[in-house]
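Spelled out, the chains give:
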Amino acid sequence: MTENASAAEPLAADSAIAVVGMSGRFPGAPDLAAYWENLLGGLCSVTDFTEAELIADGADPQEVRGRDHVPAKGHLADADRFDAELFGFNRTEAAALDPQHRLLLQTAWSALEDAGRSPLGGSARTGVYVGGGPTEHMLAAQTDPRLAASIGALQVRILTDREFLAPWVSYRLGLEGPSLTVQTACSTSLTAVHLAVQSLLLGECDTALAGGVAVDTVRKRGYVHQQGGIYSPDGRCRPFDERAGGTVPGNGVGVVVLRRLSDAIADNDPIRAVIRGSAVTNDGATKVGFTAPGVDQQTAAIVEAWAAAGLDPADAQYLEAHGTATALGDRIEAAAATAAFKGALGTGRIGIGSVKSNIGHLDAAAGVAALIKSVLMLEHATLVPNADAGRPHPELGFEDSPFHLVGRATAWPVPEHGPRRSGVSSVGIGGTNVHVVLEEAPGRGGAGAPAAECVPEVLLLSARTRESLAEVAGRLASALRAPGAPSLSDTAHTLRVGRAPLAVRGYVRAGSRAKAADLLAELASGGAAGLGGPDPLGEAWLAGDPVAREGSGRRVALPTYPFAGESHGAYRLVPVAPVGEPPEQGGRSADLERDVRALIAEALGLEDADDPEMTYFAAGGDSLTAVHLVGCLRDDFDLDVPITLFLEQLTLHEMARRIVTAQDGDDSLDALLSEFEAE
């Protein structure tokens, strides 16, 4: 990056972690290039919905028209789109798969490509550390008896539950390192980064994916403001601002690729920033309530992270804070940060901000959104502002602290001592505090020097469809024409070692970036699969023959795969029937329950099923009988019953009752909704 990056404290390559790849989708930003432009411009990407938009997308009209309803959210556009065939899912599975799983799979793929590494397996042991939030889709799918009857209740859970976020990524991408789904509420994704860092330092893996996803619903939704609650009354989040009134919910996904710095340097990886240290603490019982933050352990997380880095918090020039814009949260975080950074000489020397002002609070993905923002600022040597920043809140005491609220985009000057450094904080409900110490990438000798381009290079391209191949070629053509484009040799090397070999293929052969860009544009417009003259390597590639995928050169950041993005929808919660109505006495429900018991008794060879203590298994029931009963219940009574119901230890009376009442899913839905509300 800069000549100053190696000054002052020497960078310990054996204890530092390199950020070598990143990918993300955030409100108003389908990719990180758009994300950076929005951040640089101080843009608030929270969407204000019209009443008609919300109602058309299934929102409750009575709630939308309520006095305290706020029609705003950090909305993630096209969150239901997924390139299912690329990841090996059929249409039924793709429709059942939770949108969080879909988005995380695609983002993990793109992050590995950004790191110049093939997204399908590879020789390095790759760990996965990710987390997500509860979703409307998961709740609706897991309480839909028809879906359970169609694909099985266990399969529904595997496709929708957030505990399987990491295993699906490991399985579909062929990654054989540790695979952990992390849950620490709002600090989930930064905790995942910390765990990935520790795993790399312990040698448990050689590459790690870390991050998080939060898509509570793919639909347009606002929220209800409650006096004294955490949500903003006007749909805007203004951390540390005198106008701060609370946070705004948002959706997004982000993944970073991490490697030990020594390995990244040895393998010529595209190092985007360096993690010098990290730490996690919990407030325990030292706070006023379970959901409240605490000063002491937030301070401890910061101090411990900088100590792990072998540095002092005073070495920072910027702090990316959690910054919820709530009165209690901002005040406690400001106090904790002031205590931790008290060694910084002079007031106002360290910039402070929070990406929540731009995109809202992304829950499980909030920490990784903040981390990616900080990496981009280090790369561009620019501090970006809080969106719509005003004066700091007077109760925070910034005038006597090391901090100033960043209100406009400014150049990040080279520090007098050492490289540019920042801290990133994340705080979770329940008290899990995380802090990560970031440093700009070390200078790389010869990096960025213009390369002599005269030896022809072969650029190998592939995709799942011809349309996608054309888009791959077009994106690469634009990248090679852009200022600061990588050399042709590094581009060819990255395409060989850092892309998955897919079915539809093409290549171009050229001796300069300009010529390669022209040929790629021709390929994108429907030209022949091989352009620039016949080449043995290219022809072998087209024929599907094994092609050597190793080689020498630098891995460089190139455009990632353009997912087809077909809409697969999302399950929607159906309102539960109103409570308080007296149960039916006799009538169809009672008659149906009696008839179901008679069917079960007949299938089990019982004279009757009136014994209240008799269980299905005690009566001789087994899985084959269960399959038969599921079919009979569907054919004779039009009841769709999950076969898993017959695997529970139930009396025949309870089983019949559950079969009849499960059609509305009330019991299981109430339980899941209660869990959802508790979180």
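See the structure shown above.
Now for a description of the structure that goes with this document. Since this is a predicted model, take the numbers as computed values, not measurements.

1. Focus on the overall build of the protein chain
So, point 1. A tally of regular secondary structure across the protein chain gives 23 helices and 22 strands.
So, point 2. For the protein chain, whose C-alpha radius of gyration is 28 Å, the value lies close to the compact-globule estimate of 26 Å for 679 residues.
So, point 3. Summarising its shape, the C-alpha atoms of the protein chain cover approximately 90 × 70 × 50 Å along the three principal directions.
So, point 4. A separation threshold of at least 6 residues defines the contact pool for the protein chain, and within that pool the share at least 24 residues apart is 80%.
So, point 5. Here the protein chain has roughly 27700 Å² of accessible surface; of this, 52% comes from carbon and sulfur atoms.
So, point 6. Charge-centre separation for the protein chain: the mean point of 54 positive side chains lies 7 Å from the mean point of 88 negative side chains.

2. Digging into the pattern of salt bridges
So, point 1. Tallying each qualifying case throughout the model produces 38 salt bridges.
So, point 2. Note that arginine 91 and glutamate 566 form a salt bridge whose closest N and O atoms lie 2.7 Å from each other. In this pair, arginine 91 sits in helix H4 (residues 91-96) while glutamate 566 sits in strand E22 (residues 566-567), placing the two residues 475 residues apart along the sequence.
So, point 3. Residue classification places arginine 91 among the exposed positions, given a relative accessible area of 53%.

3. Digging into the sheet that holds strand E10 (residues 252-260)
So, point 1. Across the sheet, 11 strands lie side by side as E7-E6-E8-E10-E1-E11-E18-E17-E12-E13-E15; this open sheet has mixed pairing. Two strands bound the open sheet, and with one partner strand each, they are strand E7 (179-181) and strand E15 (403-405). Along the sheet, successive strands turn relative to each other by an average axial angle of 25°, direction set aside.
So, point 2. Relative to strand E13 (residues 350-353), strand E12 (residues 318-320) runs parallel, the two being bridged by 3 bridges. When the sheet's bridge partners are listed, glutamate 320 is paired in E13 with glycine 353.

4. Quick look at the pairing of strand E18 (residues 432-440)
So, point 1. With 9 of 9 residues buried, E18 lies mostly within the body of the structure.
So, point 2. Burial along E18 is two-sided: the face carrying Thr432, Val434, Val436, Leu438 and Glu440 and the face carrying Asn433, His435, Val437 and Glu439 are both buried.
So, point 3. Bridge count for strand E11 (residues 273-282) against E18 is 9 bridges, and the pairing is antiparallel. Each residue of the ladder has a partner; that of asparagine 282, found in E18, is threonine 432.
So, point 4. Here strand E17 (residues 421-427) pairs with E18 via 7 bridges, running antiparallel. Within the sheet, the bridge partner assigned to glycine 423 lies in E18 and is valine 437.
So, point 5. From the end of E17 to the start of E18, which pair antiparallel, there are 4 residues, and glycine 430 there has a positive phi angle of about 105°.

5. Observations concerning the environment of alanine 365
So, point 1. As for its placement among the helices and strands, alanine 365 is situated in the loop between helix H14 (356-359) and helix H15 (366-380).
So, point 2. Judged by relative accessible area, alanine 365 falls into the buried class, the value being 0%.
So, point 3. Between the C-alpha atoms of alanine 365 and arginine 408, which are 43 residues apart in sequence, the distance is 25 Å.

6. Overview of the sheet that holds strand E20 (residues 504-510)
So, point 1. Spatially, E19-E20-E21 is the arrangement adopted by the 3 strands of the open sheet, whose pairing is mixed. Edge strands, defined here as strands with exactly one partner in the open sheet, are strand E19 (457-463) and strand E21 (530-531).
So, point 2. As paired strands, E20 and E21 are joined by 2 bridges and run parallel to one another. Each bridged residue has a counterpart across the sheet, and for tyrosine 507 the counterpart in E21 is glycine 530.
So, point 3. On the sheet, helix H18 (residues 513-524) packs against E19, E20 and E21 and is oriented at approximately 150° with respect to E20.
So, point 4. Its contacts with the sheet put helix H19 (residues 536-543) on E19, E20 and E21, and the angle it makes with E20 is roughly 170°.

7. Details of the pairing of E20
So, point 1. Counting buried positions along E20 gives 6 out of 7 residues, so the element sits mostly inside the fold.
So, point 2. The β-α-β motif built from E20, the intervening H18 and the parallel element E21 has left-handed crossover chirality.

8. Description of helix H9 (residues 165-173)
So, point 1. Taken together, the buried positions of H9 are Leu165, Ala166, Trp168, Val169, Ser170 and Leu173.
So, point 2. If you follow the buried residues of H9, they end up packed against helix H5 (99-114), strand E6 (126-132), helix H8 (153-160), E7 and strand E8 (207-214).
So, point 3. Backbone geometry just after H9 places glycine 174 at a positive phi near 65°.

9. Structural notes on the packing of helix H12 (residues 295-308) against helix H13 (residues 327-340)
So, point 1. Taken N-terminus to C-terminus, the directions of H12 and H13 make an angle of 45°; their axes are 8 Å apart at the nearest point. By the angle between their directions, the pair H12 and H13 is classed as oblique. Crossing handedness for the pair H12 and H13: right-handed. Together, Val295, Gln298, Thr299, Ile302 and Val303 of H12 and Ile332, Glu333, Ala335, Ala336, Ala337, Ala339 and Ala340 of H13 make up the contact between the two elements.
So, point 2. Its residues placed into classes, the contact of H12 with H13 shows 9 nonpolar, 2 polar and 1 charged.

10. A word on the packing of helix H1 (residues 32-40) against H15
So, point 1. Remark: H1 packs on H15, axes separated minimally by 11 Å, with the N-to-C direction vectors making an angle of 80°. Classified by the interaxial angle, the pair formed by H1 and H15 is roughly perpendicular. Contacts from Leu32, Tyr35, Trp36 and Leu39 in H1 reach Ala369, Ile372, Lys373, Leu376, Met377 and His380 in H15.
So, point 2. Residue classes in the contact of H1 with H15 are distributed as 8 nonpolar, 1 polar and 1 charged.

11. A word on unusual backbone geometry
So, point 1. The backbone of aspartate 78 sits at a positive phi, close to 55°, despite the residue not being glycine.
So, point 2. With respect to the helices, strands and loops of the structure, aspartate 78 is situated in the loop between strand E4 (72-73) and strand E5 (81-82).
So, point 3. The exposure class of aspartate 78 is partly exposed, given its relative accessible area of 44%.
So, point 4. Positive phi is not limited to glycine here, since alanine 325 has a value of about 70°.
So, point 5. With respect to the element layout, alanine 325 can be found in the loop between E12 and H13.

12. Comments concerning the nonpolar core
So, point 1. Grouped together as the largest cluster of nonpolar side chains are 74 residues, with contacts concentrated most on Phe89 and Leu459.
So, point 2. It is H5 that provides the largest number of residues to this core, a total of 7 residues.
So, point 3. In contact with phenylalanine 89, not counting residues within four places along its chain, are Phe82, Ala84, Ala94, Leu97, Leu105, Leu159, Trp168 and Arg172.
So, point 4. Counting residues in each nonpolar core, the second largest holds 48 residues, with Leu200, Ala273, Val375 and Val406 among its members.

13. Some words on the packing of aromatic side chains
So, point 1. Under the defined criterion, the tally for this structure stands at 16 aromatic pairs.
So, point 2. On the basis of an interplanar angle of 55° and a centroid distance of 6.0 Å, the ring pair of phenylalanine 82 and phenylalanine 89 is categorised as tilted.
So, point 3. Here the basic side chain of arginine 172 rests over the ring of phenylalanine 89, its NZ or CZ set 4.1 Å away from the ring centre.
So, point 4. Taking the ring centre of tryptophan 541 as reference, the NZ or CZ of arginine 505 above it sits at 4.1 Å.

14. Things to note about the environment of glycine 310
So, point 1. For glycine 310, the position within the fold is in the loop between H12 and E12.
So, point 2. Using a relative accessible area of 60% as the deciding quantity, one classes glycine 310 as exposed.
So, point 3. Along the primary structure glycine 310 and proline 30 are separated by 280 residues, whereas in three dimensions their C-alpha atoms are 37 Å apart.

Thresholds applied
Residues numbered from 1 in each chain as written. Predicted model: local features only at pLDDT ≥ 70, side-chain atom pairs only at ≥ 80, totals over all residues. Heavy atoms only, no water. Helix = DSSP H or I, 4+ residues; strand = E, 2+ residues; numbered from the N terminus. Rg over C-alpha atoms; globule rule 2.2 N^0.38 Å. Contact = heavy atoms within 4.5 Å. Areas by Shrake-Rupley, 256 points an atom, 1.4 Å probe, with all protein chains shown as cover. Lys, Arg positive; Asp, Glu negative; His and termini not counted. Charge placed at Lys NZ, Arg CZ, Asp CG, Glu CD. Salt bridge = Lys/Arg side-chain N within 4 Å of Asp/Glu carboxyl O. Buried < 20%, exposed > 50% of the residue type's maximum accessible area, 1.4 Å probe, protein only. Pairing = 2+ DSSP bridges. Axes fitted to C-alpha atoms, helices over the stretch in contact; angles between N-to-C directions. Right-handed = clockwise from strand over helix to strand, strands pointing away. Parallel < 35°, antiparallel > 145°, perpendicular 65-115°, else oblique. Left-handed = near helix turned anticlockwise from the far one by under 90°. Nonpolar A, V, L, I, M, F, W, Y, C, P; charged D, E, K, R; others polar. Core = buried A, V, L, I, M, F, W, Y, C linked by side-chain atoms within 4.5 Å. Phe/Tyr/Trp six-rings, centres within 6.5 Å; stacked < 30°, edge-to-face > 60°. Lys NZ or Arg CZ within 6 Å of the ring centre and 35° of its normal.

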